[in-house]
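# Residue-level structure breakdown
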Amino acid sequence: MYGIVDCDNCYVSCERVFRPDLKNKPVVVLSNNDGCVVARSNEAKKMGIKAGTPYFQLQQLFPNEKIAVFSSNYELYGELTGRVVEIIRQEAPAYFRYSIDESFVYWNGFEGTNLKEWGENLHKRIRKSVGMPVSIGLAPTKTLAKMASHFAKKYPGYRHCCLIDTDEKRKKALKLFPINEVWGIGRRYAAKLEAIGVKTAFDFAQMPDSLVRATFNNIVIFRTWQELNGIDAVPNEEMAKKKSICTSRSFNGMVTDFDTLKTHVSNYAARCAEKLRAQDTVASIIGVFLHTNLFREDLPQYWNFQEKRLTVPTNSTIDICKAATEVLKSIYVKGYHYKKAGVIVMGIGPNSPMQLDLFDYNAEQFQKMKRLDAVIDRINKVNGTETIVLGSQQYTQKGGKGKAEVFANAIKHDFRSKNPTTRWSDIIELK
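Residues numbered from 1 in each chain as written. Predicted model: local features only at pLDDT ≥ 70, side-chain atom pairs only at ≥ 80, totals over all residues. Heavy atoms only, no water.

## Concerning the sheet that holds strand β7 (residues 134-139)
Read across the sheet, five strands follow the order β5-β6-β1-β7-β8 without closing on themselves; strand pairing throughout is mixed. Two strands bound the open sheet, and with one partner strand each, they are β5 (95-99) and β8 (161-163). Averaged over all adjacent pairs, the angle separating strand axes in this sheet is 20 degrees, with direction ignored. In this structure, strand β1 (residues 2-7) lies alongside β7, joined through six bridges in antiparallel fashion. In the sheet register, isoleucine 4 faces β7, and the bridge partner there is glycine 137. Across the sheet, helix α6 (residues 142-154) is in contact with β1, β6 (102-106), β7 and β8; its angle to β7 comes to roughly 140 degrees. (Pairing = 2+ DSSP bridges. Helix = DSSP H or I, 4+ residues; strand = E, 2+ residues; numbered from the N terminus. Axes fitted to C-alpha atoms, helices over the stretch in contact; angles between N-to-C directions. Contact = heavy atoms within 4.5 Å.)

## Remarks on the environment of serine 41
Inspection of the secondary structure assignment puts serine 41 in the loop between β3 (37-40) and α2 (42-47). Judged by relative accessible area, serine 41 falls into the buried class, the value being 0%. Each residue touching serine 41, except ones within four places of it in the same chain, is listed here: Asn9, Val12, Arg16, Lys25, Pro26 and Val27. A polar contact is formed between the side chain of serine 41 and the side chain of glutamate 43, at a distance of 3.2 Å. (Buried < 20%, exposed > 50% of the residue type's maximum accessible area, 1.4 Å probe, protein only. Polar contact = N/O pair within 3.5 Å; in protein donor to acceptor, adjacent residues only side chain to side chain.)

## With respect to the pattern of salt bridges
Inspection of the entire model under this criterion finds 17 salt bridges. Salt-bridge contacts for arginine 423 lead to glutamate 75; the nearest nitrogen and oxygen are separated by 2.7 Å. Taken as a pair, arginine 423 in the segment after β15 (404-405) and glutamate 75 in helix α4 (residues 74-91) lie far apart in primary sequence, 348 residues in all. If you follow the salt bridges from partner to partner, you end up with Lys116, Glu120 and Arg159 in one network. (Salt bridge = Lys/Arg side-chain N within 4 Å of Asp/Glu carboxyl O.)

## Let's talk about the packing of aromatic side chains
By the definition in use, this model includes 21 aromatic pairs. Between the aromatic rings of phenylalanine 104 and tryptophan 183, the centroid separation amounts to 5.8 Å while the plane-to-plane angle is 35 degrees, which identifies the pairing as tilted. Here phenylalanine 104 is found in strand β6, whereas its partner tryptophan 183 is found in the loop between α7 (167-176) and α8 (187-195), with 79 residues between them in sequence. Its relative accessible area of 0% is what places phenylalanine 104 among the buried residues. Classification of tryptophan 183 by relative accessible area gives partly exposed; the value is 21%. Three or more aromatic residues link up through ring pairs in this structure, and these residues are Tyr2, Phe96, Tyr98, Phe104, Tyr106 and Trp183. Here lysine 175 stacks its cationic end above the ring of phenylalanine 202, 4.9 Å away from the centre of that ring. A cation over a ring is seen here: arginine 213 above phenylalanine 222, with NZ or CZ 3.8 Å from the ring centre. (Phe/Tyr/Trp six-rings, centres within 6.5 Å; stacked < 30°, edge-to-face > 60°. Lys NZ or Arg CZ within 6 Å of the ring centre and 35° of its normal.)

## Description of the sheet that holds β3
With respect to topology, three strands assemble into an open sheet ordered β3-β2-β4, the strand pairing being mixed. The open sheet terminates on both sides in strands that have one partner only, identified here as β3 and β4 (68-70). Going from strand to strand, the sheet's axes swing by 25 degrees on average, the running direction of each strand aside. With three bridges joining them, strand β2 (residues 27-30) and β3 adopt antiparallel strand pairing. Within the sheet, the bridge partner assigned to valine 28 lies in β3 and is arginine 40.

## As for the packing of α6 against α7
Following both chains from N to C, one finds α6 and α7 inclined at 70 degrees, their axes separated by 11 Å at the closest point. Regarding the angle of α6 to α7, the classification is roughly perpendicular. Classified by chirality, the crossing of α7 by α6 is left-handed. For the pair formed by α6 and α7, the contact residues are Leu144, Met147 and Phe151 on the first element and Arg170, Ala173, Leu174 and Leu176 on the second. Its residues placed into classes, the contact of α6 with α7 shows six nonpolar, no polar and one charged. (Parallel < 35°, antiparallel > 145°, perpendicular 65-115°, else oblique. Left-handed = near helix turned anticlockwise from the far one by under 90°. Nonpolar A, V, L, I, M, F, W, Y, C, P; charged D, E, K, R; others polar.)

## Overview of the packing of helix α13 (residues 258-278) against helix α14 (residues 317-331)
The interhelical angle for the contact between α13 and α14, taken along N-to-C directions, is 140 degrees, at an axis separation of 8 Å. Taken as axis vectors, α13 and α14 run oblique relative to one another. By crossing handedness, the relation of α13 to α14 is classed as right-handed. Residues Phe258, Leu261, Lys262, Val265, Ser266, Ala269, Ala270, Ala273, Leu276 and Arg277 of α13 form the contact with α14, whose own contacting residues are Thr317, Ile320, Cys321, Ala324, Thr325, Leu328 and Lys329. For the contact of α13 with α14, the class distribution of residues is eleven nonpolar, three polar and three charged.

See the structure below:
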């Protein structure tokens, strides 16, 4: 039996933990550099605010509405969702974190356990201890559990926990669920299914397995079909570890010089390396993309992406930053106004065993890099991100004394909330 614990409107809920005055009021959270809306409260959704709405359009579209606006504050979100996961770890027999706001739990046997009561009690504990609302879905497969969490979030009668434990409940849920909202069915495949008359998850589940294989020839789609029919088909290890990792961001303004682009790309590469180490994997392909502002029709446009295949897979910050810089050099063209860049690491595999280069293998250097990354990760975890960074990750102030400013300060966040649980300077004062 599987369950998924999903934080409701995660970023908004995190902001409301220390702002109870925002309860029942429209709240939105913006993307990096305060670009567009990435999270909305239920009240904001009812107003008609769409995900992806540019911030500058909010005043134009809703001139007479009072909307609470926040910049993304991942330090706060990571801290609060980490507390949620800790409670899940204490309450569930087994679990793994799927994303910042979702965790899967599972039981090998659940005889004697009232799962519905367990889910409702878990919601109560998380709400009381952390202040975060969650929705819990329980079912025989992960895909059905995701579906159940949707019903738990949408219908108050479930008391934040929906259990699909019979074939009758499964079929009823499938008939109510649109095919384009099924976990594992992307837009392209949803459109293809709808074109042949498949409108709901039930329609898809009723298709013969031979027809599903012949029509799509895709293992992910076939596994989704199996899961909807109550067959546990998605391996836990495939979900827990990402097959590719991308870190990208729009710039605060536009960038023309190579040195500034190199600093941005180095920071993105460092984030990718940290994520690889966090899931104990290595990457063999480092890709970099770069493009100008598509909305500035008065400026010349440019887009490019290239990748480099490494002889030896790695998760070393130094090695990945070096490779990303080399790729950037090959795609950078002087004279353009760049708006966004990103780093993608691919060819991800386990950290051990690993095929090394017979002709360029230095065991001492290899172990030295591993120890160095481990120490840096530990220091940054204890003292805060970017406590220690590479020289290539630092932004130098122009026209000043050459003082370097950390990566976070290069991002526009005019509406960022405080971090009362992680910074002494932001601690709550009682008057």
